[in-house]
Amino acid sequence: MEIWTEHPARTDVEAVIRRYFGLLRAGRFPEAEQVVEHSSVRHVLKALWTGSVGANADEDEDEASSSRAADEWERDLSWLGELDLADFAWGQTGGNAYVKVTYRAQIIEVALGFWVKPTDAGWVVAGPSTLW
């Protein structure tokens, strides 16, 4: 995890977010968890799947099919390769950013939120939150 002695510049934060997302896409989850202050990527993956592949699933599925689809995102991670980052947006103070995500070049309903926070060691990037 990168630690800054002063509040990092937006370009530095965006670079950390891009690295985190790149590791997610590559399925390198333990490494991604080390890039930002964050405990687990599981909820992020589930939200991204729900907002991308899950949103494109047939809405008329029966209950058994829905159960199988609910954990499909954990068994077959190939869908991660079809995600990409889109636009970054920053809060007025520069302490938080969110980034839109695309699936097959279409913006999905889920965005990822990150924030810069002080710790005893210095400033770090924390997150992501999933924003609907």
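Here, every reference points to the structure presented above.
Everything in this summary refers to the structure shown in the same document. For every chain, the first residue of its written sequence is number 1, and the numbers climb from 1 along that sequence. A pLDDT threshold of at least 70 governs which residues receive local features in this predicted model, and a stricter bar of 80 or more applies before side-chain atom pairs are shown or counted, although totals over entire chains, interfaces and linings include all residues. Excluded from the side-chain calculations are hydrogens and water; all other atoms, namely the structure's heavy atoms, are used.

A look at the overall build of the protein chain
Thought 1: Secondary structure summary: the protein chain contains 5 helices and 4 strands in total.
Thought 2: For helices the rule is a DSSP run of H or I covering at least 4 residues; for strands it is a run of E covering at least 2, with both sets numbered from the N terminus onward. Counted from the first residue to the last, the protein chain has its helices and strands arranged as α-α-α-α-α-β-β-β-β.
Thought 3: Each residue is placed in one exposure class: buried if its accessible area under a 1.4 Å probe, protein chains only, is under 20% of its type's maximum, exposed if it is over 50%, and partly exposed if it falls in between. Within the protein chain, buried positions represent 41% of all 132 residues.

Describing the sheet that holds strand β4 (residues 123-131)
Paired through backbone hydrogen bonds, the strands of a sheet run either parallel or antiparallel to each other.
Thought 1: Reading across the sheet, the 4 strands line up as β1-β2-β3-β4 and stay open at both edges, with antiparallel pairing between neighbours. The strands lining the two open edges of the sheet, one partner per strand, are β1 (83-90) and β4. Strand-to-strand twist of the sheet, defined as the mean angle between neighbouring strand axes without regard to direction, takes the value 30 degrees.
Thought 2: A pair of strands is labelled paired if DSSP reports no fewer than 2 bridges between them. Judged from the 7 bridges that link them, strand β3 (residues 106-118) and β4 form a sheet pairing that is antiparallel. With axes taken as lines fitted to C-alpha atoms, and helix axes fitted only over the stretch in contact, angles between N-to-C directions fall between 0 and 180 degrees.

Thoughts on the pattern of salt bridges
Thought 1: Here, a salt bridge means any side-chain nitrogen of Lys or Arg that lies within 4 Å of a carboxyl oxygen of Asp or Glu. Taken as a whole and assessed by the stated rule, the structure comprises 4 salt bridges.
Thought 2: Residue Glu37 is joined to Lys117 by a salt bridge in which the shortest nitrogen-to-oxygen separation is 2.5 Å. With Glu37 in the loop between α2 (29-35) and α3 (42-51) and Lys117 in strand β3, this pair connects stretches of sequence that are 80 residues apart.
Thought 3: Between Glu74 and Arg42 there is a salt bridge, and its shortest N-O distance comes to 2.8 Å.

Here we look at the nonpolar core
Thought 1: For this analysis, a nonpolar core means a set of buried residues of the types Ala, Val, Leu, Ile, Met, Phe, Trp, Tyr and Cys, connected via side-chain atoms within 4.5 Å. Ranked by internal contacts, the top residues of the largest apolar core, which has 36 residues, are Tyr20, Leu24 and Leu48.
Thought 2: For this core, the element with the most residues is helix α1 (residues 10-25), which contributes 7 residues.
Thought 3: Any two residues whose heavy atoms approach within 4.5 Å are treated as being in contact. Among all residues touching Tyr20, those that are not within four sequence positions of it are Ala32, Val35, Val36, His38, Val41, Val44, Phe114 and Pro128.

Purely geometric stuff here, so don't read any function into it on its own.
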